[in-house]
Amino acid sequence: MQRYSILNLARHAFQGHRGWRRNFGGRPLRKSYDVVIVGGGGHGLATAYYLAKEHGITNVAIVEKGWLGGGNTARNTTMIRSDYLTPANADFKEFSLKLWEGLSAELNFNVMFSQRGYIDLAHSDGQMEHFTRRANTMRHRGIDADILSVGQLAARLPELNLSTSSRYPVHGALYQARGGTARHDAVAWGYARAAHDLGVDIFEHCDVQDFQIHKGRIAGVNTSQGPVTANIVLVSVAGHSSLLAAKAGFTLPLESFPVQAFVSEPLKPVINTVVNFNMELAYINQTDKGELVMGGGLEPRNGYLSRGGFERIEDVVARIIAMFPFLSRVRLMRTWAGIADIPMDGSPLLGQTPIDGLLFNCGWGYAGFKATPAAGWTMAATIADGRPHPLAAPFALSRFRDGETHDEGGVGPTPSLH
C-alpha cells in the first residue's frame, strides 16, 4: 500500500510530487468476478474494502455510472451520530460510530472525522420527555447520551436563541458528545484507495443497463463497458434503488424524495457543534473552512432530480434564523439535493431480494452517510458468510411480510412521514 506519512510527504516533495502512484482505477474490466458491487459511493466502497480485508475476497468489481462518491455520498450534510431509540437502529448506528472513531487510522487516510458533538433541541415538555426516554434507553445499551438544560445550552452555545417569547421556545436538548461530522469525499477516496490496494477493481462511468438472471438466480450484469458475470451482485445506489429493482423485475417498498441542503459564505468560528431544530426539522453545522452547512425536510414530492425548490429553502432558513438570529444577514453560496430512498417504516433494507444472489443495500433516507462503515462491514459479512450479519438481519426485506418493522420515528407507515 502507498503509505501516507509526514516522512513520505517530505520525500515526495523533494521529487516534485511526481512519484505518487494512482490511488484507484486503471485496470481493465474483466469478463467475470466473484462479486460485482453496483454503486461507487461510500457504502459500495466500504463493502468492497471489508470484503477484501476481513474476508479475503478480492475478485470484486465496483461499477459506478458517474464518478466515485458523486451521488448521495457527496450530497449530504456529513452528520454522524448514534442517538437512536429502537434496538436495531441504535445498535447498528453505534457500531458504525465505533468504526468511524478509528477509520482514519484504519484506512491510512484522513477522513476528517470530528467529534464536535450533536445537539437535538426540544421545544416542548413532551419532546423533553421523549428525549429523556431516548437518553435512558441509549445509556442502557452502553451508548453515551446527556440531557442538557436551557442553562447548559446557554453556556455551550451562547449564540443560540433561548428566549421564552420565541415562537418555538427551547426547553432543553438531547446531547451526544461522540457525534460529529466527517469529510464525505475523503471517506469515498479513503475506502476506494484501500480497496484498490487490496485488489478490488473500480470502474467509473460504467452504467449497469440490465441484470443477467437465469432460473431465478443472478448471473451477472450488462454494463455500458460490456457484460460481466458474477456469483453475487450487490446494489448500493441509494435513491435510485427502486429503478434498479425494476430492471431486475421486482418492486421495493420505498419511495424516493429529493432532500435539499445548502451552504453559506465562510464565517469565523461561531458554531462548534451540530445543532438540530426539531420543529419541522432544520439542522446546521460549521465546516473547517467556516461555511455553514444547512439542511431540512424532504421536498414535498417524489422525484429523482438532484435539486430542490425555493419553498424548502425558505422553510429551513426561517428555522435556522429562529435558532441563530444573527445569521439573517449571512449569504447563501450554493444549494444542492440528494435523493433519499425511504421505506414504509423509515429503516433501511439490507440483504437478499427475490432474485437469489442479488442483494440490495438501500432505504437509508437521512441516515446513509453516518451508517457508511457499518453498512459496508455488515454487507461484506453477509456476502462472505452466505447469511445476514446479526446487525443487518432485522432490516431484511421480509420484515414487511412478517410484521417486524422498525418505525424509529413512531410516525406511521408512510415514507414521507419519515
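Residues numbered from 1 in each chain as written. Predicted model: local features only at pLDDT ≥ 70, side-chain atom pairs only at ≥ 80, totals over all residues. Heavy atoms only, no water.

**Section: the overall build of the protein**
Thought 1: Looking only at helices and strands, one finds 11 helices and 18 strands in the protein.
Thought 2: Its C-alpha radius of gyration of 22 Å places the protein within 12% of the 22 Å reference for a compact globule of 418 residues.
Thought 3: Its C-alpha atoms give the protein principal-axis dimensions of roughly 65 × 65 × 40 Å.
Thought 4: Burial status across the protein gives 54% buried among its 418 residues.
Thought 5: Excluding contacts between residues fewer than 6 apart, the proportion of contacts in the protein whose partners are at least 24 apart in sequence is 74%.
Thought 6: Accessible surface, the protein as shown: approximately 17,900 Å² in total, 53% of it carbon and sulfur.
Thought 7: When the 40 positive and 37 negative side-chain charges of the protein are each reduced to one mean point, those points stand 6 Å apart. (Helix = DSSP H or I, 4+ residues; strand = E, 2+ residues; numbered from the N terminus. Rg over C-alpha atoms; globule rule 2.2 N^0.38 Å. Buried < 20%, exposed > 50% of the residue type's maximum accessible area, 1.4 Å probe, protein only. Contact = heavy atoms within 4.5 Å. Areas by Shrake-Rupley, 256 points an atom, 1.4 Å probe, with all protein chains shown as cover. Lys, Arg positive; Asp, Glu negative; His and termini not counted. Charge placed at Lys NZ, Arg CZ, Asp CG, Glu CD.)

**Here we look at the side chain of glutamate 265**
Thought 1: By the secondary structure assignment, glutamate 265 is in the loop between strand S12 (254–264) and strand S13 (274–277).
Thought 2: Classification of glutamate 265 by relative accessible area gives buried; the value is 18%.
Thought 3: Filtering out sequence-adjacent residues up to four positions away, glutamate 265 remains in contact with Gly290, Glu291, Leu292, Arg329, Val330, Arg331 and Met333.

**So, unusual backbone geometry**
Thought 1: Positive phi, close to 50°, is recorded for asparagine 108, a residue that is not glycine.
Thought 2: If you trace the backbone, asparagine 108 turns up in the loop between helix H4 (103–107) and strand S4 (118–122).
Thought 3: The backbone of methionine 112 shows a phi angle near 55°, a positive value even though the residue is not glycine.
Thought 4: In this structure, methionine 112 sits in the loop between H4 and S4.
Thought 5: Its relative accessible area of 38% is what places methionine 112 among the partly exposed residues.

**So, the pairing of strand S14 (residues 282–286)**
Thought 1: Among the five residues of S14, five are classified as buried, and the element is accordingly described as predominantly covered.
Thought 2: Taking every second residue as pointing to the same face, both faces of S14 are buried, with Ala282, Ile284 and Gln286 on one and Tyr283 and Asn285 on the other.
Thought 3: Here S13 runs beside S14; their pairing, made up of three bridges, is antiparallel. Within the sheet, the bridge partner assigned to phenylalanine 277 lies in S14 and is alanine 282.
Thought 4: The turn linking S13 back onto S14 is made up of four residues, and glutamate 280 within it adopts a positive phi angle of 70°.
Thought 5: Here S14 hands over to strand S15 (residues 292–298) after five residues, with glycine 290 in that stretch at a positive phi of 100°. (Pairing = 2+ DSSP bridges.)

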